[in-house]
Amino acid sequence: MKTTISIFVFSFLSMVGLSSFAQVSLDVETGIVKVNRNDASSSWKNSFGDLNGLEGTLFSYANDFNNPVKPLFRFRVNYSFGKSKKHFISALAAPVQYHSEGVFNQAVVFNSTVFDPQKPTEGFYKFNGYRFTYRYHVVQNKKLDFGVGLTLNYRDAEFSLKQENKFERNYNRGLVPLINTYLNVHVGEKIGLLVDGDVFYVDNTGGAIDYLAGLSFDLNSKINLKSGYRFFSGVGSETGNVYNKLFVSSVVLGGVFKF
């Protein structure tokens, strides 16, 4: 994971370069994550919400397995440019992955393999996102900072089950476009109300939303701190004949460091 992030950041910095009207900043978030919902199946759901296919039944990584809170770490490199620095591009690494253990109360079919009830079962889940964003700040003054743009998200997803000598997994990789918005309403000289994230929604067969709502605090001209509540919700179906619906919530602390 560290190697992937290093390559990710180096490639981004090499691509953008620097100019007299540009600024590079580093955005880091950490905190704890609670997996509120994580339903999965090796069959898929159609637009009516019906589970199709005989090779998979629905199970839950949140309810059928141990589900303690987990650490969060997100890393973003930003590049603002233009005379007023209203143009903004960024590269974000947003990993979500974990191992868990539990037992099923009933037999679960996964990729046509039957996983028995009341037997120790190991689950692995991964939904890593690597996002490239362009945003233009339409309004940027002492009271309000508002921008809108487009994000291209590279999804690296996988989920698997292991029980004794049985092992099955599904994985999916691909690009997904998202709409990016940023809003910071300044309620004091240094404090702002912050809403920042990406969204794309079709219907109950596909979509994603990832937003932070919280406070920002200008420590000085080079450091901006932030804290708040972040939630991520995603649903995928009819892609690789699998189904997954995820909702995670987190309490985060972070900072933007300008260079």
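Quick notes on the rules
Residue positions are given per chain, counted from 1 along the sequence in the order it is written. Owing to the predicted nature of the model, reporting of local features is limited to residues with pLDDT of at least 70; listing and counting of side-chain atom pairs is limited to 80 or more, with chain, interface and lining totals taken over all residues. Excluding hydrogens and water, the side-chain values take into account all heavy atoms of the structure. Any two strands with at least two DSSP bridges between them are considered paired. Counting from the N terminus, the helices are DSSP H or I runs at least four residues long and the strands are E runs at least two residues long. Ring geometry is summarised as follows: Phe, Tyr and Trp rings, the Trp one being its six-membered ring, pair when their centres sit within 6.5 Å, and such pairs are stacked at plane angles under 30 degrees, edge-to-face over 60 and tilted between the two. A 1.4 Å probe rolled over the protein chains alone gives each residue an accessible area, and that area as a share of the maximum for its type sets the label: buried under 20%, exposed over 50%, partly exposed in between. Criterion for a charge above a ring: Arg CZ or Lys NZ at most 6 Å from the ring centre, at most 35 degrees from the ring normal. In this text, buried Ala, Val, Leu, Ile, Met, Phe, Trp, Tyr and Cys residues form a nonpolar core when linked through side-chain atoms within 4.5 Å. Residues count as neighbours in contact if any of their non-hydrogen atoms are within 4.5 Å of one another. The term polar contact refers here to a pair of N or O atoms within 3.5 Å; inside protein, the definition further demands a hydrogen-donor-capable atom paired with an acceptor-capable atom, and it admits residues adjacent in sequence only when both atoms are side-chain atoms.

Enquirer: Describe the pairing of strand E12 (residues 166–186), with residues and values.
Expert: Here 20 bridges tie strand E11 (residues 144–163) to E12, and the two strands are oriented antiparallel to one another. Paired with serine 160 across the bridge in E12 is arginine 169. Counting the residues in the hairpin turn of E11 and E12 gives two residues, including glutamate 164, whose phi is positive at 55°.

Enquirer: Got a sec to walk through the packing of aromatic side chains? Specific residues and values, please.
Expert: For the structure shown, the criterion picks out 15 aromatic pairs. Relative to tyrosine 125, the ring of tyrosine 61 lies with its centre 5.7 Å away and its plane at 55°, an arrangement referred to as tilted. Taken together, the residues span a long stretch of sequence, with tyrosine 61 in the loop between strand E4 (59–60) and strand E5 (70–81) and tyrosine 125 in strand E10 (residues 121–140) at a distance of 64 residues. Across the pair, exposure class does not vary: tyrosine 61 and tyrosine 125 are buried alike. Residue classification places tyrosine 125 among the buried residues on the basis of a relative accessible area of 1%. Joined through ring pairs, the aromatic side chains of Phe59, Tyr61, Phe65, Tyr98, Phe104, Phe110, Phe115, Tyr125 and Phe159 make up one cluster. Above the plane of the ring of tyrosine 98 lies lysine 70, whose end atom (NZ or CZ) is 4.5 Å from the centre.

Enquirer: With reference to specific residues and values, describe unusual backbone geometry.
Expert: Phi at lysine 85 takes a positive value of approximately 55°, unusual for a residue other than glycine. Of note, lysine 85 is situated in the loop between E5 and strand E6 (87–94). The residue glutamate 164 is not glycine, and still its phi comes out positive at about 55°. With respect to the helices and strands, glutamate 164 occurs in the loop between E11 and E12.

Enquirer: How would you sum up the nonpolar core? Please name residues and give values.
Expert: Of all hydrophobic cores here, the largest spans 24 residues; its most connected members are Phe59, Tyr61, Phe104, Phe159 and Leu161. Going through the elements one at a time, strand E1 (22–41), strand E8 (108–110), E11 and strand E16 (242–258) are the ones with two or more residues in this core. The biggest single contributor to this core is E16, with four residues. Excluding residues within four positions of it along the chain, phenylalanine 104 makes contact with Phe59, Asp64, Phe65, Phe115, Asp116, Pro117, Gln118, Thr121 and Leu161. Counting residues in hydrophobic clusters, the runner-up holds six residues, among them Ala22, Val77, Tyr79 and Ile89.

Enquirer: Describe the environment of glutamine 163, and please don't skip the residues or the numbers.
Expert: Inspection of the secondary structure puts glutamine 163 in strand E11. Residue classification places glutamine 163 among the buried residues on the basis of a relative accessible area of 1%. Taking the C-alpha atoms as reference points, glutamine 163 and lysine 119, separated by 44 residues in sequence, lie 7.5 Å from one another. Setting aside residues up to four positions removed in sequence, glutamine 163 forms contacts with Phe115, Asp116, Lys119, Pro120 and Thr121. Within the structure, the side chain of glutamine 163 is placed 2.9 Å from the backbone nitrogen of aspartate 116, a separation counted as a polar contact. A distance of 2.8 Å separates a polar atom in the side chain of glutamine 163 from a polar atom in the side chain of threonine 121.

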